[in-house]
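The chain contents come next:
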Number of protein chains: 2
Amino acid sequence: MSSPGLEPRKYVVVGGVAGGMSAATRLRRLDETAAISVLERSGYVSFANCGLPYHVGGVIEDRASLLLQTPASLGARFGLDVRVHTEAVAIDRAARTVTTRHTESGVSESIPYDALILAPGARPVRPPIPGIERALSLRDIEDTDAMVAAVGRAGGTHAVVIGGGFIGLEVAENLLHRGLVVAVIEATDQVMAPLDPEMVEPVHVALRDAGVDLRLGRSVVAIGAGDVTLDDGTTVPADVVVAAIGVRPDTRLAELAGLSIGPRGGILVNDQLLTSDPAIYAVGDAVEKIDALSGEKTLVPLANTANLQGRRVADIITGQARSDRPVLGTAIVGVLGLQIAATGWSEKRLRAAGRPYRALHSHPASHAGYYPGAAGIALKLLVDPATDAILGAQGVGSDGVDKRIDIIATAITGGLTASDLADLELAYAPQFGSAKDPVNMLGHMADNLRTGVSRTIQWHEVADAQQSGTIVVDVRTLAEFARGAIPGAVHIPVDDLRSRLAEVPAGPLVVTCAVGLRGHVAARILTQQGFPDVRNLDGGYTTWRAGTASL
Amino acid sequence: MSSPGLEPRKYVVVGGVAGGMSAATRLRRLDETAAISVLERSGYVSFANCGLPYHVGGVIEDRASLLLQTPASLGARFGLDVRVHTEAVAIDRAARTVTTRHTESGVSESIPYDALILAPGARPVRPPIPGIERALSLRDIEDTDAMVAAVGRAGGTHAVVIGGGFIGLEVAENLLHRGLVVAVIEATDQVMAPLDPEMVEPVHVALRDAGVDLRLGRSVVAIGAGDVTLDDGTTVPADVVVAAIGVRPDTRLAELAGLSIGPRGGILVNDQLLTSDPAIYAVGDAVEKIDALSGEKTLVPLANTANLQGRRVADIITGQARSDRPVLGTAIVGVLGLQIAATGWSEKRLRAAGRPYRALHSHPASHAGYYPGAAGIALKLLVDPATDAILGAQGVGSDGVDKRIDIIATAITGGLTASDLADLELAYAPQFGSAKDPVNMLGHMADNLRTGVSRTIQWHEVADAQQSGTIVVDVRTLAEFARGAIPGAVHIPVDDLRSRLAEVPAGPLVVTCAVGLRGHVAARILTQQGFPDVRNLDGGYTTWRAGTASL
């Protein structure tokens, strides 16, 4: 804070959206006398990044509602000197000045700072393929205006979205809203990389059911005037092409100024959000963060983290004792009525890192099944087998997924174990949950694994187990079994099991039901009746079917 | 677990709903060879208690959907000997037998046990007023059938619900659904006792807007043939009367057997859920629990806790290392489109206990305001000023309240401080939250109080402060101010404050806006400009208006 008689402090913030504007407004609340300038390359500040796809789709009809603040309103409320169309083109670190260039007039200026905060965000990845200049991106209001105009021109014809991540799926859905025929081209075998393949299989189904031409494991090799060409030689009609392949930290200014860049390609900062220059801080999508599970550097371009870091850096600059915190990367997207959310690490990431884990799948109802409107959801929990620590969680379904992932993210932050989830007291009435909430049930499942009451097998391990002589016993009803089952499965309904023990093969067994609940009962019966090697199929036939369909 | 060659264990469970049935089924999964009997006085087990009001209202149309299991299905799946219409009338503790009486045939039987689990639940409080025998209650299927029949007879006429708690409000709403004219008579000054009065004022408004004749601070002194008489001498027409005053632990059998009863009137159990008899356990609404904040005995008749204790006691009985855990009492009710939820302690309870606290009120949107469908919600957080520990939280609103209360309940269990809520990484997309989620914002507010960046005043302290010479400065727009303001308030919009400092009185100041955000900005401006005593009105005019209306 300023002291009487001292010169007011001079703060310059590069970037006027989430992290930058959080920093600038918090700085003002903590330092009334400082001179605070905010430099924004685009024509807008404090706009609703995460709303942009929905304006393209017409869900958010009024463009003005995306503009949460203006330079004038920020001037009046916070005494900020907000300059739009103003690019920071160079930093003189010795002189502590930033050189700006007005993007329309070309006029240049030098602004002195006592502390400089870089919040330039991230830039869309644009692969070097022929015709890439025809592809639209979606990061700011100008991009949005361009996409709205392109869709207006193309009205009712064909769009190709390159990339099946958060933004790609949001854009695809919104282009469907606008009546376009939409294809999504995704280079990997699944959309939504933070989740595992068996979890996103329902998303693949929903996209295809909505008429999306979903091409998995395919890349675009050329963008033509009216189509794109894929790496298998096929062409897909495309009046509009959107590149939503991902984003990379915008490090141009930082690199030009000789600031250190980290191993993941983001601006390197310490736990005080300080770059390699003691007067230059950086926050948001442009910087590398610390992964909460591995302690390693990571890139997590999410609005919540950017806002939080912006506020935090203002606290640090004005002398509060703060440290940046590691990140979990909790994220969600809503697509075609599905909520798709994750926190922490996925199974494939754990496996790739060689880190031991237990996986748990469940398929609860979003609220009590006897109350109207309950939706089936799929949850997955990843657990450290040595410590019972929660390593990650995923959820997909039409209702209540956001809540469960937020509860689990909070539990991770609070250091609760997977088994502790069983004991959480969550608000229960039949509209909102169950007396045993889906999160509690994950805790019970984890506890059963921890104590050895349960042994489970994963969907992707069944075929190999069968090859080695394991018999699958399906304990659902005959009607369920007849509608589809794991090849080779023996059928004995759980309620008949005690009276038909003689029919159960002696060898290694996998029991399975629809979602794993009856299978657990059956596995307990068989184990206690003396069968020596019984495992329950985690997530049951539902997870197995989704997983094998995703292959 | 059973060992080969030993006699199978004999378990008897008294009570066949939440806690009792959770215990019985878990016992079976852990002990395949035990003889497990479940004695249930009513004609039904494993029914959906929390769904009963909604069947009365026709929201849950099919009565059968309330019956989650039957004695036959539980026999087939879990090998349980489930006896309905079977009351446990006595325990011979020396002989370890329970005497049962069939409620229809009157036939008596003696059942031996190695371990007895009491899960008799709670009974509705029935005050000793003339005509109380005419009042219906709602605890089981028989009660529900009786209420459905009574409403059918009374079709379209008048109902009186005595008690404005969870069940009373659910019943009131469902009787409205059925077309009855409904009065709610509540002896205290507010409905929903676990919340503070300013938080439930919107519920009072919603009830009255829906046509409910809400009588606060009134008791029923007599129930007549077609009306009830209140303590102010007025009568209210009543073809149907429902007593929903609360519940008391059902300790009849335990008392008869000489088991210890605790200070709050529930069955006394230790952390192994063991009563004063080493072979008798007890769980659920009938037992006293330990309050998570005070460590004292408490009564928390909630389904989630009952289910959890039922499972836990089975683990304990079969030799797993478990301890019962203290309870927060997280609860929610949905009424007339509002979600009303709480966890931990309320302000009035903290005040009555003489425990220091800070209160924080916020009025965020359920999700990003720019995305369609955002609903205003009210949140309240109670914080220990010495440790920053979270003591309680409350929420009221039409969407997203359940999620925020669950997150905070999880944070309490994980030992996170109020300021830690700022750093939680919650799943954000504009349909589900905000980049700064309402829970994060509570954390920022708590942190500002903790660090002294904010000083606040509560709605109920304003009048006294004004009496002592404090001036209220309202920093909203003129249009907002003109629609209603705190009497005596001076009006200077926040955006004009810096240019009109000369008009601001020098004395102690309270600044206020709609919800507290602009007030915070104004308080920071004034404090840093040298005004020595500035406080922000917590929750702004919205909380003040609700609070003063509740008086």
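Residues numbered from 1 in each chain as written. Chains lettered and ligands numbered in written order. Predicted model: local features only at pLDDT ≥ 70, side-chain atom pairs only at ≥ 80, totals over all residues. Heavy atoms only, no water.

An unreviewed UniProt entry lists chain A under the name CoA-disulfide reductase, from Nostocoides jenkinsii Ben 74. Regarding chain A, the relevant UniProt record gives this comment under Cofactor (unreviewed entry): "FAD". Under the UniProt heading Sequence similarities (unreviewed entry), the note attached to chain A is "Belongs to the class-III pyridine nucleotide-disulfide oxidoreductase family." (UniProt positions renumbered as here; feature names shortened; annotations may be inferred.)

*Asks:* Lay out the relation of the copies chain A and chain B in plain terms, naming residues and giving numbers.
*Replies:* Superposition record for chain A on chain B: RMSD 0.0 Å, screw rotation 180 degrees, translation along axis 0.0 Å. Between the two chains, the operation in question is that of a two-fold axis. When C-alpha positions in chain A are compared against the rotation axis, the closest is assigned to A:Gly414, at 2.1 Å. When the interface residues of chain A are mapped onto chain B, 100% of them are again interface residues, pointing to one common binding face. (Least-squares fit on C-alpha atoms with pLDDT ≥ 70 in both. Contact = heavy atoms within 4.5 Å.)

*Asks:* Help me get a handle on the packing of aromatic side chains, residues and values and all.
*Replies:* Tallying each qualifying case throughout the model produces four aromatic pairs over all chains. Its guanidinium or amino end placed over the ring of A:Tyr541, A:Arg476 lies 4.5 Å from that ring's centre, counting from NZ or CZ. (Phe/Tyr/Trp six-rings, centres within 6.5 Å; stacked < 30°, edge-to-face > 60°. Lys NZ or Arg CZ within 6 Å of the ring centre and 35° of its normal.)

*Asks:* I'd like a rundown of helix α10 (residues 401-413) of chain A, residues and numbers included.
*Replies:* The terminal C-alpha atoms of α10(A), which comprises 13 residues, lie 18 Å apart, in line with the 18 Å expected from a rise of 1.5 Å per residue. The elements touched by buried residues of α10(A) are β20 (331-335), β21 (338-344), β23 (377-383), β24 (390-397) and α11 (438-451) of chain A together with α10 (401-413) of chain B. After α10(A) finishes, the residue A:Gly415 shows a positive phi value of roughly 75 degrees. (Helix = DSSP H or I, 4+ residues; strand = E, 2+ residues; numbered from the N terminus. Expected span 1.5 Å × (residues − 1).)

*Asks:* Any chance you could break down the sheet that holds strand β7 (residues 115-118) of chain A for me, citing the residues and the numbers?
*Replies:* What links the strands of a sheet is backbone hydrogen bonding, and the strands pair in either a parallel or an antiparallel sense. All names here are of chain A. Pairing is parallel across the open sheet formed by five strands, whose spatial order is β3-β2-β1-β7-β17. If you trace the sheet from one side to the other, it starts and ends with β3 (81-83) and β17 (280-282), each paired once. Strand-to-strand twist across the sheet, computed as the mean angle between neighbouring axes with direction ignored, equals 15 degrees. Inspection of the sheet shows strand β1 (residues 10-14) paired to strand β2 (residues 35-39) by five bridges, in the parallel sense. Pairing of Val13 across the sheet is with Val38, part of β2. Against the sheet, helix α1 (residues 18-30) makes contact with β1, β2, β3 and β7, and its axis sits at roughly 170 degrees relative to β2, the strand it touches most. (Pairing = 2+ DSSP bridges. Axes fitted to C-alpha atoms, helices over the stretch in contact; angles between N-to-C directions.)

*Asks:* Before we move on, could you go through the domain arrangement of chain A and cite the residues and values that matter?
*Replies:* Residue and element names in this part refer to chain A. Its domain assignment divides chain A into domain 1 (10-50 + 64-122 + 248-317), domain 2 (132-245), domain 3 (337-435) and domain 4 (456-549). Taking only C-alpha atoms, the centre of domain 3 and the centre of domain 4 are 24 Å apart. Counting residues at the interface gives six residues for domain 3, matched by eight residues for domain 4. When residues of domain 3 are sorted by the area they lose upon contact with domain 4, Ala359, His361 and His363 head the list and together hold 79% of the total. On the surface where domain 3 and domain 4 come into contact, there are zero salt bridges. Of all the secondary structure elements, the ones that give two or more residues to the side of domain 3 that touches domain 4 are α9 (347-352) and β22 (358-362). (Domains from an automatic or database assignment. Buried area = accessible area lost by both parts, 1.4 Å probe. Salt bridge = Lys/Arg side-chain N within 4 Å of Asp/Glu carboxyl O.)

*Asks:* Go over the pairing of strand β24 (residues 390-397) of chain B, please, and point to the residues and values.
*Replies:* Residue and element names in this part refer to chain B. Most of β24 is tucked away: eight of the eight residues are buried. Sheet topology places strand β21 (residues 338-344) next to β24; six bridges connect them, and they run antiparallel. Following the sheet pairing, Ala341 is matched in β24 by Gly395. Two strands pair when backbone bridges link them, and strand β23 (residues 377-383) and β24 are joined in this way by seven bridges, in the antiparallel orientation. Its bridge partner lying in β24, Ile377 is registered against Gly397. As consecutive antiparallel partners, β23 and β24 are separated by six residues, and within that stretch Asp388 has a phi angle of approximately 70 degrees, a positive value. (Buried < 20%, exposed > 50% of the residue type's maximum accessible area, 1.4 Å probe, protein only.)

*Asks:* Account for the side chain of A:Asp402, with residues named and values stated.
*Replies:* Along the chain, the position of A:Asp402 falls in helix α10. Apart from the residues within four sequence positions on either side, A:Asp402 is in contact with A:Ile332, A:Gln339, B:Lys403 and B:Phe432.

*Asks:* Outline the side chain of A:Thr100, supporting the account with residue identities and numerical values.
*Replies:* All names here are of chain A. Mapped onto the fold, Thr100 is located in strand β5 (residues 97-102). A relative accessible area of 3% means that Thr100 is categorised as buried. Every residue in contact with Thr100, bar those within four places of it in the chain, is listed here: Leu39, Thr86, Glu87, Ala88, Val89, Val107, Ser108, Glu109 and Ile111.

*Asks:* How would you explain the interface of chain A and chain B if you had to name every residue and give the values?
*Replies:* Tallying the contact residues gives 84 residues for chain A and 84 residues for chain B. Between chain A and chain B lies a buried interface of about 7300 Å² when both sides are counted; carbon and sulfur atoms form 54% of it. Its largest share of buried area at the contact with chain B, chain A owes to A:Glu32, A:Tyr370 and A:Glu425, together 11% of the area lost on that side. Here chain A and chain B share 16 salt bridges between them. Between A:Arg325 and B:Asp423 there is a salt bridge, with the nearest N and O atoms lying 2.9 Å from each other. On the surface where chain A and chain B come into contact, there are 46 residue pairs in polar contact (both at pLDDT 80 or more). At the level of secondary structure, the elements contributing two or more residues to the side of chain A that touches chain B comprise α1, α3 (71-78), α8 (303-317), β20, α10, α11 and α14 (517-528) of chain A. Among the elements that make up the side of chain A that touches chain B, the one with the highest residue count is α10(A) (eight residues). A class-by-class count of the residues in the side of chain A that touches chain B yields 39 nonpolar, 22 polar and 23 charged. (Polar contact = N/O pair within 3.5 Å; in protein donor to acceptor, adjacent residues only side chain to side chain. Nonpolar A, V, L, I, M, F, W, Y, C, P; charged D, E, K, R; others polar.)

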